[in-house]
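Commentary on secondary and tertiary structure
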There are 2 protein chains.
Amino acid sequence: MTLRVTFLGTAGAVPTTERNPSGVHVNRDGDGLLFDVGEGTQRQMMRYGTGFDISNVFITHFHGDHVFGLPGLLETWDFNGRESPITIHTPTHTRSDIAALVTACDSDPTYPVHIREVAPGEIALEHEDYAVTAVRTNHRTRSVGYALVETDRRGRFNREKAEELGVPVGPKFSRLHEGHPIELEDGTVVDPEQVVGPPRPGRTMVYSGDTQPVDSIVEAAEGADLLIHDATFGDEYEARAAETGHSTARQAGEIAARAGVSKLVLTHISSRYAGDATPLAAQAREAFNGSVVIAHDGLELDVPYRD
Amino acid sequence: MTLRVTFLGTAGAVPTTERNPSGVHVNRDGDGLLFDVGEGTQRQMMRYGTGFDISNVFITHFHGDHVFGLPGLLETWDFNGRESPITIHTPTHTRSDIAALVTACDSDPTYPVHIREVAPGEIALEHEDYAVTAVRTNHRTRSVGYALVETDRRGRFNREKAEELGVPVGPKFSRLHEGHPIELEDGTVVDPEQVVGPPRPGRTMVYSGDTQPVDSIVEAAEGADLLIHDATFGDEYEARAAETGHSTARQAGEIAARAGVSKLVLTHISSRYAGDATPLAAQAREAFNGSVVIAHDGLELDVPYRD
């Protein structure tokens, strides 16, 4: 199953020639999910070839650099004759703000637009194979992060053991793997536990949106495969980060270390680091010895299974 | 005096990887003027180095592809501590639409934002050296184009003739050029008409915004140095152009020919021509034998004086 993350915009509040305002595209086995829609997101989607087949949009908070690309994207869908509904998930008490942006499109969309408020801890999207849950954050405004958590996959099927027990190769293998006991011709019953290992975890990715360091992200990201975290500032602006409800790269590293994630991607990089953002990665690495990447526009990551 | 036009966005309603939604920057001797502000305009300004020192914004009509870059640009000015006021000129009855976009910035701008409605024929901006006037257009919504018309320059000073008449080189030359008679040492009076030619015209540029072909643009652009005209479609979509309130490239050429302009720039190019827009130029050239250019993002034109 594909779990591909494409960074559409990695700038802080003010974009640069290299960084568009915030946007993260996730392709989960063909489902297009969009997290934040900064100004210019639609052209970034064209540029980086994500496609326009998006079913759900997840807004972390109503600041311009995270939402001003929404009306243009909705309008382009309209021009292109979109018919399928779109659901926009947004923090509680921001529905009317989002609605104002939706109707800023003078045109009346040809497709249904649903706006759905989500509170921290609430499941925004429930899918057979995964769920997206809102996570409490602290950005001095109504805000959430989002955790995409895949359901467990079936345990590994021990083919050798099954053959040893006399299970004939064929449909009985599938029945067992699906969790049903089967009966052999001699009447022996084989239980799935005999040949199927414990369920294997799916993948987890967490997107913090803009936030100060918070325990709730550590909890949501515990053992996650990928944590995409606010790293607006370097050490020298730690006070400013606190004032503005952001994190430093080092703090993002500390969160990643506490959560024990596999990979940390630093994003929402202040325009102060337009010349060179590598010090941010170095500071995060001092706090976290897993993989650290500074996001750049167009960065594409395939999240692998742990086993 | 500089009159430099930088094309920030040249797309039709739907942008492409090559073309941003509409935006034209004009640098008139250091005055920064912005005509339409499609989504992504602020990054185009960075990319093409126009600078952010804009005093006046001119909106042709309230369609998303001409205005959705406004809130982000206003917010970036705010982040950068702008203090000088900005005036946004917009067609009559669109003030509240624009105001809604301005306040879509949750933040309260640190600088005054004035919204000023302009009717066709009305002067939007009056400057010592030039004026910007709204021009009637027809885009099936409240819309205007804009004409920037420089005031006449002084006539050419005939230095040879002045010396012949015995005027001493020095401040008397300037007095005469400024239109004042002077007295020589022998009591002879020299009138400015004797040494200064007739006033020479300033430059004129007209931006149509989105419109069907209209006589009012011909009138405003009569003898203009530059006409930037809607050329959304090619001949094959003439009916569609009429339905949607746009022009074909050929119709833009016809307007340019009737107005007798020096140069025609085709813009608002439909995404249909993303592969190759050259047929549009060819069609315009069949109707107009002056200079025809298809705008592209980043195109920079210095408008020369006619003499």
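Structural notes on the overall build of chain A
- Along the backbone of chain A there are 11 helices and 16 strands.
- In terms of principal-axis extent, the alpha carbons of chain A reach across some 70 × 50 × 35 Å.
- Within chain A, the fraction of its 307 residues that count as buried is 55%.
- Contacts spanning at least 24 positions in sequence make up 64% of the contacts within chain A whose residues lie at least 6 apart.
- With the model as given, the accessible surface of chain A reaches about 12,600 Å², and the carbon-plus-sulfur share is 46%.
- Looking at chain A, you have 27 positive and 46 negative side-chain charges, and the mean spots of the two groups are 2 Å apart.

Brief notes about the packing of helix 10 (residues 249-259) of chain A against helix 11 (residues 278-287) of chain A
Residue and element names in this part refer to chain A.
- Two numbers describe how helix 10 lies on helix 11: the axes approach to 7 Å, and their chain directions differ by 35°. Considering how the two elements wind past one another, helix 10 and helix 11 form a crossing that is right-handed. Counted together, Ala 249, Arg 250, Gly 253, Glu 254 and Ala 257 of helix 10 and Leu 280, Gln 283, Ala 284, Glu 286 and Ala 287 of helix 11 form the full contact between these two elements.
- Considered class by class, the residues forming the contact of helix 10 with helix 11 number five nonpolar, two polar and three charged.

A word on the relation of the copies chain A and chain B
- You can overlay chain A on chain B at an RMSD of 0.2 Å; the transform is a turn of 179° with a shift of 0.1 Å along its axis. Taken together, these values place the two copies in the relation of a two-fold axis. By C-alpha distance to the rotation axis, the residue of chain A lying nearest is Gly 40 of chain A, at 2.4 Å.
- Looking at chain A, 100% of its interface residues are interface residues in chain B too, so the copies touch through the same face.

Some details on the environment of Thr 6 of chain B
All names here are of chain B.
- Structurally, Thr 6 is set in strand 1 (residues 3-9).
- Distance in space between the C-alpha atoms of Thr 6 and Arg 159 is 37 Å, their sequence separation being 153 residues.
- Look past the residues within four positions of Thr 6 in its chain and what remains in contact with it is Gly 23, Val 24, His 25, Tyr 48, Thr 50, Leu 299 and Glu 300.

Comments concerning the pattern of salt bridges
- Per the stated rule, a full pass over the model turns up 24 salt bridges over all chains.
- Measuring nitrogen to oxygen at the nearest pair gives 3.0 Å for the salt bridge that ties Arg 250 of chain A to Glu 286 of chain A. Placement of the pair is Arg 250 of chain A in helix 10 and Glu 286 of chain A in helix 11, with a sequence separation of 36 residues.
- Given the relative accessible area of 23%, Arg 250 of chain A is considered partly exposed.
- Classification of Glu 286 of chain A by relative accessible area gives exposed; the value is 59%.
- The partner of Arg 306 of chain B in a salt bridge is Asp 225 of chain B, and the shortest N-O contact between them spans 2.9 Å. With Arg 306 of chain B in the segment after strand 16 (300-302) and Asp 225 of chain B in the loop between helix 8 (215-220) and strand 13 (226-230), this residue pair connects regions lying 81 residues apart in the sequence.
- Arg 306 of chain B gets classed as partly exposed once you look at its relative accessible area, which sits at 46%.
- According to the relative accessible area criterion, Asp 225 of chain B is buried, its value standing at 7%.
- In this structure, a network of salt bridges that share partners links the residues Arg 28, Asp 129, Glu 150 and Arg 203 of chain A.

What to know about the domain arrangement of chain A
- Looking at the assigned domains, one finds that chain A contains domain 1 (3-153 + 200-302) and domain 2 (159-194).
- Centre-to-centre separation of domain 1 of chain A and domain 2 of chain A, based on C-alpha positions: 45 Å.

A look at the interface of chain A and chain B
- Listed as interface residues are 33 residues of chain A and, on the opposing side, 34 residues of chain B.
- Of the roughly 2,400 Å² buried at the junction of chain A and chain B (both faces included), carbon and sulfur atoms supply 55%.
- Together, Glu 39, Arg 43 and Phe 68 of chain A form the three largest contributors to the area buried by chain A at its contact with chain B, with a combined 29%.
- Here chain A is connected to chain B by zero salt bridges.
- Along the contact surface separating chain A from chain B lie 10 residue pairs in polar contact (both at pLDDT 80 or more).

Quick word on the sheet that holds strand 16 (residues 300-302) of chain A
Residues and elements named next belong to chain A.
- The sheet built from seven strands is open, its strands ordered 6-5-4-3-2-1-16 with mixed pairing. The sheet is open, and its two borders are formed by strand 6 (113-118) and strand 16, each paired with just one other strand. Each neighbouring strand pair of the sheet contributes to a mean axis angle of 20°, computed without reference to strand direction.
- As paired elements, strand 5 (residues 86-91) and strand 6 share six bridges and run parallel to each other. Within strand 6, the residue paired with Thr 87 across the bridge is His 114.
- Lying over the sheet, helix 4 (residues 95-104) contacts strand 5 and strand 6, oriented at roughly 160° with respect to strand 6.

Brief notes about helix 4 of chain A
- Residues of helix 4 of chain A that are buried include every one of Ile 98, Leu 101, Val 102 and Ala 104 of chain A, and no others. The buried residues of helix 4 of chain A occupy an angular sector of 155° when the element is viewed end-on, so they sit on one face. More than 90 degrees from the buried face of helix 4 of chain A, the exposed residues found are Ser 96 and Thr 103 of chain A.
- Against helix 2 (64-67), helix 3 (70-79), strand 5 and strand 6 of chain A together with helix 4 (95-103) of chain B lie the buried residues of helix 4 of chain A.

Cut-off values and rules
- Within every chain, residues take consecutive numbers counted from 1 along the sequence as written.
- The lettering of chains begins at A and the numbering of ligands begins at 1, in the order of writing.
- Since the coordinates come from a predicted model, pLDDT governs what is reported: local features require at least 70, and pairs of side-chain atoms require 80 or more to be given and counted, while whole-chain, interface and lining totals use all residues.
- Excluded from the side-chain calculations are hydrogens and water; all other atoms, namely the structure's heavy atoms, are used.
- A helix here means a DSSP run of H or I that spans at least four residues, while a strand means a run of E at least two residues long, and both kinds are numbered starting from the N terminus.
- For the exposure calls, accessible area comes from a 1.4 Å probe over protein chains only, and a residue counts as buried if that area is under 20% of its type's maximum, exposed if over 50%, partly exposed in between.
- Any two residues having at least one pair of non-hydrogen atoms within 4.5 Å are treated as being in contact.
- Each accessible area value is a Shrake-Rupley result obtained with a 1.4 Å probe; residue values ignore everything except the protein chains displayed when judging cover.
- Counted as positive: Lys and Arg. Counted as negative: Asp and Glu, with His and the chain ends omitted from the count.
- Where a charge lies is defined by one atom per residue type: Lys uses NZ, Arg uses CZ, Asp uses CG and Glu uses CD.
- Throughout, an axis means a line fitted to C-alpha atoms (over the contacting stretch in the case of helices), and angles, computed between N-to-C directions, take values from 0 to 180 degrees.
- In this scheme the handedness of a crossing depends on how the near helix is turned from the far one: anticlockwise by less than a right angle means left-handed, clockwise means right-handed.
- Amino acids are sorted into nonpolar (Ala, Val, Leu, Ile, Met, Phe, Trp, Tyr, Cys and Pro), charged (Asp, Glu, Lys and Arg) and polar (every other residue, Gly among them).
- Copies overlap after least-squares fitting; the atoms used are the C-alpha atoms of residues with pLDDT of at least 70 in both.
- A pairing counts as a salt bridge when a side-chain nitrogen of Lys or Arg comes within 4 Å of a carboxyl oxygen of Asp or Glu.
- Each domain span listed reflects an automatic or database assignment of domains.
- Buried area adds together the accessible area that both of two parts lose upon being put together, with accessible area traced by a 1.4 Å probe.
- Between N or O atoms, a polar contact is any pair within 3.5 Å; within protein, one atom must be a potential hydrogen donor and the other a potential acceptor, and residues adjacent in sequence are included only when both atoms are from side chains.
- Pairing between strands is defined by DSSP: at least two bridges between the two strands are required.
- The arc in question is the one traced by the directions running from the helix axis out to the C-beta atoms.

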